[in-house]
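Geometric and topological summary
The primary structure of each chain is shown beneath.
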Amino acid sequence: MSENVAQEAIGPIAVSIAEFLEFGCAYCGFNSGSATFVDSSNAVWRCHECDRECVVLTEGAINSPFGFRLDEDFIYYPELEDHPRRGIPAHEIK
Ligand SMILES: [Zn+2]
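Some words on the overall build of the chain
Scanning the chain for helices and strands turns up 2 helices and 6 strands. Starting at the N terminus and ending at the C terminus, the chain contains elements arranged as α-β-α-β-β-β-β-β. Dimensions of the chain, computed from C-alpha atoms along their principal axes, come out at roughly 45 × 25 × 25 Å. Counting the 94 residues in the chain, one finds 26% classified as buried. Restricting the contact set of the chain to residue pairs at least 6 apart, pairs at least 24 apart contribute 52%.

Here you go:
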């Protein structure tokens, strides 16, 4: 199989809960969606505006406990990233 090229661009982003609450969806900044998978402290969240998923990590966590199968033999575990929309407040339905 090929190396990890482009996997980062494809897989969900993982952000901290604090940044998620402030800046919303990691892709579009929307503040409403639903958790599609949860464990005791982390969640996979699907945005109701752009319909993409991101991982919301509890404070202090640096790795997603949830893996995403990106192809037959590669499961991607997102690592904590700075929120891509840091500094732009989350928006509501317009
Ligand atoms: Zn979104």
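What follows continues from the structure just given.
Points about the nonpolar core
Core analysis: the biggest nonpolar cluster contains 15 residues, and Ala-14, Val-15, Cys-54, Val-55 and Val-56 have the highest contact counts within it. Broken down by element, the residue count for this core peaks at 4 residues, all from strand β4 (residues 53-57). Ala-14 has contacts with Cys-54, Val-55, Leu-57, Ser-64, Pro-78, Glu-79, Leu-80 and Glu-81, leaving out every residue within four places of it along the chain.

Here we look at the pairing of strand β3 (residues 43-47)
When a strand is regular, its side chains alternate between the sheet's two faces. In the sheet, strand β2 (residues 33-38) pairs with β3 via 5 bridges, with the strands oriented antiparallel. If you follow Gly-33 over to β3, its bridge partner there is Cys-47. In terms of strand pairing, β3 meets β4 through 4 bridges, oriented antiparallel. Note on β4: the bridge partner recorded for Ala-43 is Val-56. Between β3 and β4, which pair antiparallel in sequence order, lie 5 residues; one of them, Asp-51, sits at a positive phi of approximately 65 degrees.

With respect to the environment of Tyr-77
Tracing the backbone shows Tyr-77 in the segment after β6 (74-76). For the pair formed by Tyr-77 and Ser-64, sequence separation is 13 residues and the distance between their alpha carbons is 5.7 Å. Apart from the residues lying within four places of it in its own chain, the contact partners of Tyr-77 are Asn-63, Ser-64 and Gly-67.

What counts and what doesn't
- Residues numbered from 1 in each chain as written.
- Predicted model: local features only at pLDDT ≥ 70, side-chain atom pairs only at ≥ 80, totals over all residues.
- Helix = DSSP H or I, 4+ residues; strand = E, 2+ residues; numbered from the N terminus.
- Buried ≥ 20, exposed ≤ 12 C-beta atoms within 10 Å, placed from the backbone.
- Contact = placed C-beta atoms within 7 Å.
- Core = buried A, V, L, I, M, F, W, Y, C linked by C-beta atoms within 7 Å.
- Pairing = 2+ DSSP bridges.

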